[in-house]
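Below are the chains, spelled out letter by letter.
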Amino acid sequence: MSNSPERYDPAAVESRWQQRWEDDRVFEVSEDPDREKYYLLEMFPYPSGRIHMGHVRNYSIGDVAARIKRMSGFNVLHPMGWDAFGMPAENAAIANNTHPAKWTYENIDYMTQQLKQLGFSYDWTREFATCDPSYYRWEQLVFLQMWEKGLVYRKRSLVNWCEDCQTVLANEQVVNGLCWRCNNEPEQKRLDGYFFKITDYAEELLEWIDKLDGWPERVLTMQRNWIGKSYGAEIHFPILERGGVIKVFTTRADTLFGASFMSLAPEHPLALELSQGSEQEQPVKDFIDRVRRQSLADRADEKLKEGVFTGAYCENPMTGLKMPVYVANFVLMDYGTGAVMAVPTHDQRDFEFATEYGLPLLEVIVGPEGPVGAENMPEAFVDYGTLVNSGKYDGMDSKEGMRAIAAELEERGLGSETVNYRLRDWGISRQRYWGAPIPMVHCDQCGLVPVKESDLPVELPLDATLPETGGSPLPGLDEWVNTSCPSCGEGAKRETDTMDTFVESSWYFDRYACPDYDQGPLDPERTDYWMAVDQYIGGIEHAVLHLLYSRFYTKVLRDLGQLKVDEPFINMLTQGMVIKDGAKMSKSKGNVVDPNDMVERYGADTVRLFMLFAAPPEKDLEWSDQGVEGASRFLQRLWRLGLAVADEAQGVEAYAGGAQLAGPLAQLHAKTHDTIKRVTADAVNAMQYNTAIARVMELVNAISLAQQDESLAGDKNREAVLREAVEAAVILISPMAPHIADELWRRLGHGNYLIDQPWPAYDESALVKDEKLVVVQVGGKVRSKLTMAADADDAALEAAALSDEKVQKFIDGKAIKKVIVVQGKLVNIVV
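Residues numbered from 1 in each chain as written. Predicted model: local features only at pLDDT ≥ 70, side-chain atom pairs only at ≥ 80, totals over all residues. Heavy atoms only, no water.

K.L.:
Can you walk me through the overall build of the protein in this structure?
P.N.:
Counting secondary structure elements, the protein contains 26 helices and 32 strands. C-alpha atoms of the protein, sized along the principal axes, occupy 110 × 75 × 50 Å. Burial statistics for the protein: of 831 residues in total, 57% are counted as buried. A fraction of 73% describes how many contacts in the protein between residues 6 or more apart in sequence connect residues 24 or more apart. For the protein, the exposed surface amounts to about 35400 Å²; the carbon and sulfur share of it is 47%. One way to put it: in the protein the 86 positive side-chain charges average out to a point 3 Å from where the 127 negative ones average out. (Helix = DSSP H or I, 4+ residues; strand = E, 2+ residues; numbered from the N terminus. Buried < 20%, exposed > 50% of the residue type's maximum accessible area, 1.4 Å probe, protein only. Contact = heavy atoms within 4.5 Å. Areas by Shrake-Rupley, 256 points an atom, 1.4 Å probe, with all protein chains shown as cover. Lys, Arg positive; Asp, Glu negative; His and termini not counted. Charge placed at Lys NZ, Arg CZ, Asp CG, Glu CD.)

Structure below.
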């Protein structure tokens, strides 16, 4: 054994192996019908300039999964590309006096090098940027095919307008009343725009949620709620004197006999119309103008219920009551019909509004205690119950009353049972420059005309100068805007809106299967082989926006004959955030840790290992400088141990059974196979990489003890058992720390890359059957009991306790002050 062991130099080792992987095209993949495929994908990044620790964590998790699957015999597709269109590029271009294209591609070059320095196993031959015409030309073709099938339409509508971003926001892009991008309050504005008919797929999108067994329930719940299917009745309230009806959707037709006034959303077409020519016209107009300046968050505020009488009345179709029609700020157009039959005794908002404006209260549903009288009600009774003051329906329970009343309304032509969805069509028009042009032409003779397929792509002109005040320069580019009509040949103008960038991200994963295909959007043979994505990894913030849009677009491509799958992603993992000092890393909070600095100081393997060890993938990760130091020390220790065993066991094969083992060598052999078994369960089957790493650390501790045990000096099996254990440790840690693992593997005398090394199998007969019961307390109360190996050390007990499902319910969202392990039998988590 050498007296002066070679020092581990991460920079030298990592650059050497990255170059070898690239030279030997180790991560490139093609279709192989004789092998089972596995498509692993992390959400692709926006080329903002530099990757951040959130990227590092996301891609490290994905890289471990990809490497393990390949070592397990799968034909693995693991691609990378760039979500390159979008407003940040425009803003950065204005701020830096450059062009969005130049800024974007420079960032892509820099970020590509950052990703390569982290050793991710991407097939870079499949890389593309969505701002490239060779990509968005096919998106334009799909747009035209959707137009032909009636899945795209253009209309003037009330939209969410962000003044700061100078563009429209889809409903899904208004989060808690604020713009998803800049966090400012959007306003309501009427504009012409294009819409994808996602509502045509509402029922299928909802039905398939129950089949997505590999998705987090939280994500499925968010999508289910956003689609918002409701069973109820559509009821027609005749408008008195002027004719016509106000249509209402309600889930509580049983309360119809208590409806005493009508509330319209300010955006409802009848809101202004009903007051025209009356003394209420100006008050209604003023009210609507004022409400439109309010944020959706303010309008939803329980304390700010305001309204104005339109001067018009409608008739309750059951009671004949003359009901005043109000415009109310709390009624929104994005659910139902934008009109609400107000039943103050059985809806709390209506109760408060009626109390404020002196409107009648009629009790029509009672609980087990019977009627209390509307004048005695301190608040609305909102539960189901028994109908009273409802004519022939008195005595019915609510559910029975709903069906009976809806049936009568249908018989009289005044309504029917129906289903309603909260989901609205996807507005894709954006009044920005840096996006895919919408392939439509405006002709004075022919109207709105689609561009001919032979003229695609409609390329975004790169000679545009962006106005410093924001907005799009496209309407002012006469040379680009002025064209000829594809139908009549006369002069016409191009559409100057561009597509929402979420359109590009709704199908990029399909294109990775065939990025060089030039006969259409997708190569049927290759997409049939690779799709759907087996494992998708990304943030919970995309639960509704990107994930819902991708599901919709996949179904559209299927119906257009481009795909055969119904859903894009079989399994979904939403990784937790990286936080520091108790908050998500951000420049504004001054708590950002630069990945470049960490890689330069410690090496990529250390950074990866810390990110994977510090928390389970789905939980938030608290940054710790001490944790990074600890990961570095472990790799240094593994390095020294690996070189020592490579030196001592030179020419000796790894122990493969046969010879009888006893004492410490038998224990190390058993520990090796126990570790293989447990790491396989943790990393291969459950993606619990933190506990898998802890188990490898335990094995390294055991190897170190055996290697230093002088009593084994003369044992003929010593070197073989040590080699078996070290090689197992190197293989098992290789998906997490691939550079040092490949280097040690080579030093141990092997010529293959570890990613091509079969995942090790454990020998059941070698396992020690001794186990112990470990009690886990949270805040001093017993929350779980774990069965652990008898020799499991404190680090393994701590990792197992923190990742236990029962324990996680009690620590989720809480700060962990410390973890105390008592005599190897008790773990106390202090929160």
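K.L.:
Is there a simple way to think about the packing of helix H5 (residues 133-148) against helix H17 (residues 545-559) in this case?
P.N.:
Each pair of packed helices can be summarised by the angle the axes make with each other and by the distance between the axes. Two elements in contact, H5 and H17, have axes whose closest approach is 11 Å; the angle formed by their N-to-C orientations is 70 degrees. As summarised for this structure, H5 and H17 are arranged roughly perpendicular, according to the angle between their axes. Along its contact with H5, which presents Glu139, Val142 and Met146, the element H17 presents Phe552, Tyr553, Val556 and Leu557. Class assignment of the residues belonging to the contact of H5 with H17 gives a composition of 6 nonpolar, no polar and 1 charged. (Axes fitted to C-alpha atoms, helices over the stretch in contact; angles between N-to-C directions. Parallel < 35°, antiparallel > 145°, perpendicular 65-115°, else oblique. Nonpolar A, V, L, I, M, F, W, Y, C, P; charged D, E, K, R; others polar.)

K.L.:
How do you make sense of the packing of aromatic side chains when you look at a structure like this?
P.N.:
In this description, an aromatic ring pair is defined by two values, namely the gap between the centres and the angle between the planes. Counting across every chain of the model gives 42 aromatic pairs. When the centroid spacing of 6.1 Å and the interplanar angle of 80 degrees are considered together, the rings of Tyr59 and Phe120 count as edge-to-face. Placement of the pair is Tyr59 in helix H2 (residues 53-71) and Phe120 in the loop between helix H4 (100-117) and H5, with a sequence separation of 61 residues. Phe120 shares its class with Tyr59; the two are buried. Through pairs of rings, three or more aromatic residues link up here, namely Phe44, Phe128, Tyr135, Trp215, Trp507, Tyr508, Phe509, Tyr512, Tyr536 and Phe569. Above the face of the Trp17 ring, Arg20 is positioned so that its terminal group lies 4.5 Å from the ring centre. (Phe/Tyr/Trp six-rings, centres within 6.5 Å; stacked < 30°, edge-to-face > 60°. Lys NZ or Arg CZ within 6 Å of the ring centre and 35° of its normal.)

K.L.:
When you look at the pattern of salt bridges in this model, what are you seeing that I'm missing?
P.N.:
Note on pairing: side chains with opposite charge can pair once their charged atoms come close. Counted by the stated rule, this structure contains 45 salt bridges. Note that Arg126 and Asp123 form a salt bridge whose closest N and O atoms lie 3.0 Å from each other. Judged by its relative accessible area of 1%, Asp123 is buried. For Arg526, the salt bridge identified is with Asp523, shortest N-O distance 2.9 Å. For Arg526, a relative accessible area of 16% puts it in the buried group. (Salt bridge = Lys/Arg side-chain N within 4 Å of Asp/Glu carboxyl O.)

K.L.:
What is the right way to read the sheet that holds strand S1 (residues 37-42) from this model?
P.N.:
The strands making up a sheet are joined through hydrogen bonds of the backbone, oriented either antiparallel or parallel. With parallel pairing, the 4 strands of this open sheet are ordered in space as S2-S1-S24-S25. A strand with exactly one partner marks an edge of an open sheet, and here the two such strands are strand S2 (75-77) and strand S25 (569-574). Between one strand axis and the next, the sheet turns through 20 degrees on average, direction left out of account. With 3 bridges connecting them, S1 and S2 associate as parallel partners. Note on S2: the bridge partner recorded for Tyr39 is Leu77. On top of the sheet, H2 reaches S1, S2, strand S24 (533-538) and S25; it is set at about 170 degrees to S1, its chief contact. (Pairing = 2+ DSSP bridges.)

K.L.:
Whenever I open this one, the side chain of His673 confuses me. Can you help?
P.N.:
Structurally, His673 is set in helix H21 (residues 663-684). Of note is the side chain of His673, whose polar atom sits 2.8 Å from the side chain of Glu724. (Polar contact = N/O pair within 3.5 Å; in protein donor to acceptor, adjacent residues only side chain to side chain.)

K.L.:
Just to check I follow, could you spell out the pairing of strand S20 (residues 447-450) for this structure?
P.N.:
Looking along a regular strand, one sees the side chains alternate between the two faces of the sheet. Alignment of strand S19 (residues 440-443) against S20, held across 4 bridges, turns out to be antiparallel. The partner of Cys443 across the bridge, within S20, is Gly447. Two successive antiparallel strands, S19 and S20, enclose a turn made up of 3 residues.

K.L.:
I keep staring at the packing of helix H6 (residues 202-209) against H17 and nothing clicks. Help me out?
P.N.:
Orientation of H6 relative to H17, taken along the N-to-C sense of each, is 115 degrees, at an axis distance of 11 Å. Regarding the angle of H6 to H17, the classification is roughly perpendicular. When the axes of H6 and H17 are compared, the crossing they make is right-handed. In this structure, H6 contributes Glu204, Leu205, Trp208 and Ile209 to the contact, and H17 contributes Leu548, Arg551, Phe552, Lys555 and Arg558. (Left-handed = near helix turned anticlockwise from the far one by under 90°.)

K.L.:
I would appreciate a short explanation of the environment of Thr310 in the present structure.
P.N.:
With respect to the helices, strands and loops of the structure, Thr310 is situated in strand S11 (residues 307-315). Measuring from C-alpha to C-alpha, the distance between Thr310 and Gln276 comes to 8.8 Å, with 34 residues separating the pair along the chain. Discounting residues that sit within four places of it in the chain, Thr310 has contacts with Ala271, Leu274, Ser275, Ser278, Gln280, Val284, Val325, Tyr326 and Val327. At 3.1 Å, the side chain of Thr310 and the backbone nitrogen of Ala312 are in polar contact. A distance of 2.8 Å separates the side chain of Thr310 from the backbone oxygen of Val325, its partner in a polar contact.

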